[in-house]
Amino acid sequence: SEKYKHIAQTYIGVFYHEVGHVFYTDMNYAFNILRTYKPAFRSFAQLISNILEDVTIESQMKRDYEYTTNYLEVLSQIHTRDEAVQSVSNAIESQPNEASTLITFLLLLSRGYDVSLLPKYSLYEDNKEFIKWGAVMCINTDSAKLRHKRQIAYAAQLCKILNLEEPSKQDVEDGRTSDGPDGPEGPANSRGTGSIKRIIDTYAKSSHVGDYSNTRF
């Protein structure tokens, strides 16, 4: 039946998803970075990193192994099913400034869901350029090590947007916007996000980033 066919496709999709992590995720490198941070930020950054990394590795699997595409699409659709969308909508209306709301919103956004269909989310609207294109940059970075660095730098800036405790002394020193080679880069808005590329490249030594011109965002 269609029900059992969908279940089988989902399980196969999960298998290919995990294979994608083996192929493309540098788990030891990501772990060694995160272990240097406070537990609270480490947990938050792991969630953000996982959301973005999942999209990356599925895209890479579909690119390199086309036969996985249908199964991974079935898996991706689970994240944007009606129940998930309704849960995010409820969170935006009841707890707009909670970290959990931003995390679930980012899950929909990164999966290509049209977030304009959701209730107005001021936290996103006030920081749209950074949240949207910062995620795109992380997702489309080919180098695993550079991608993990960018994911964590991105999570650190989301903490600032949420007015959460600074992740660590190192992040305060390295992650803040400051005078760069092109001159001072002040905050883009009242919540303090400056140049997207400069912020996301906080820990990066290379300027390489994948092409995100065809993203579905």
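Preceding this paragraph is the structure being described.
Just so you know, these numbers come straight off a predicted model, no measurement behind them.

Caption draft 1: Local environment of the overall build of the protein. Along the protein, the regular secondary structure elements total eleven helices and zero strands. In the protein, the succession of helices and strands from N to C terminus is α-α-α-α-α-α-α-α-α-α-α. Expressed as a percentage of the 217 residues in the protein, the buried residues total 45%. Contacts in the protein between residues at least 24 apart in sequence constitute 75% of all its contacts with a sequence separation of at least 6. Counting every atom, the protein has about 11,500 Å² of accessible surface; 50% of that belongs to carbon and sulfur.

Caption draft 2: Looking closely at the packing of aromatic side chains. Scanning all chains against the criterion turns up ten aromatic pairs. Between Tyr-16 and Tyr-71 the ring centres are 5.8 Å apart and the planes differ by 55°, which places this aromatic pair in the tilted class. Separated by 55 residues along the polypeptide, Tyr-16 in helix α1 (residues 2-24) and Tyr-71 in helix α4 (residues 69-79) bring together distant segments of the chain. The exposure class assigned to Tyr-16 is buried, which follows from its relative accessible area of 17%. A relative accessible area of 26% means that Tyr-71 is categorised as partly exposed. Between the aromatic rings of Phe-23 and Tyr-24, the centroid separation amounts to 6.0 Å while the plane-to-plane angle is 90°, which identifies the pairing as edge-to-face. Take Phe-23: its relative accessible area is 47%, and that puts it in the partly exposed class. Overall, Tyr-24 belongs to the buried group, its relative accessible area being 15%. Cluster of aromatic residues (ring-pair linked, three or more members): Phe-15, Tyr-16, Phe-23, Tyr-24, Tyr-65, Tyr-67 and Tyr-71.

Caption draft 3: Expanded view of the nonpolar core. One finds Tyr-154 and Leu-158 to be the most contacted residues of the largest nonpolar core, which totals 38 residues. Of all the secondary-structure elements, those providing two or more residues to this core are α2 (27-34), α3 (39-64), α5 (82-94), α6 (99-110), α7 (122-126), α8 (128-139) and α9 (144-161). Counting seven residues, the second-largest nonpolar core is a separate cluster that includes Tyr-16, Val-19, Tyr-24 and Ile-57.

Caption draft 4: The packing of α3 against α8, seen in detail. For the pair α3 and α8, interaxial distance at closest approach is 9 Å and the crossing angle is 50°. The angle between the axes of α3 and α8 places the two elements in the oblique class. Like other packed secondary-structure pairs, α3 and α8 cross with a definite hand, here right-handed. Here Leu-52, Val-55 and Thr-56 of α3 lie close against α8, whose contacting residues are Ala-135, Cys-138 and Ile-139. Looking at the contact of α3 with α8 residue by residue, the class counts come to five nonpolar, one polar and no charged.

Caption draft 5: Up close: the packing of α3 against α4. At a minimum axis separation of 9 Å, α3 and α4 run at an interaxial angle of 160°. When the interaxial angle is binned, α3 and α4 end up roughly antiparallel. At the point where α3 passes α4, the crossing takes the left-handed sense. Residues Glu-58, Met-61 and Lys-62 of α3 form the contact with α4, whose own contacting residues are Thr-69, Leu-72, Glu-73, Leu-75 and Ser-76. Of the residues that constitute the contact of α3 with α4, the class distribution is three nonpolar, two polar and three charged.

Caption draft 6: Examining the side chain of Thr-56 more closely. By secondary structure assignment, the location of Thr-56 is in helix α3. Beyond its immediate sequence surroundings of up to four residues, Thr-56 is in contact with Cys-138, Ile-139 and Arg-147.

Conventions we followed
- Residues numbered from 1 in each chain as written.
- Predicted model: local features only at pLDDT ≥ 70, side-chain atom pairs only at ≥ 80, totals over all residues.
- Heavy atoms only, no water.
- Helix = DSSP H or I, 4+ residues; strand = E, 2+ residues; numbered from the N terminus.
- Buried < 20%, exposed > 50% of the residue type's maximum accessible area, 1.4 Å probe, protein only.
- Contact = heavy atoms within 4.5 Å.
- Areas by Shrake-Rupley, 256 points an atom, 1.4 Å probe, with all protein chains shown as cover.
- Phe/Tyr/Trp six-rings, centres within 6.5 Å; stacked < 30°, edge-to-face > 60°.
- Core = buried A, V, L, I, M, F, W, Y, C linked by side-chain atoms within 4.5 Å.
- Axes fitted to C-alpha atoms, helices over the stretch in contact; angles between N-to-C directions.
- Parallel < 35°, antiparallel > 145°, perpendicular 65-115°, else oblique.
- Left-handed = near helix turned anticlockwise from the far one by under 90°.
- Nonpolar A, V, L, I, M, F, W, Y, C, P; charged D, E, K, R; others polar.

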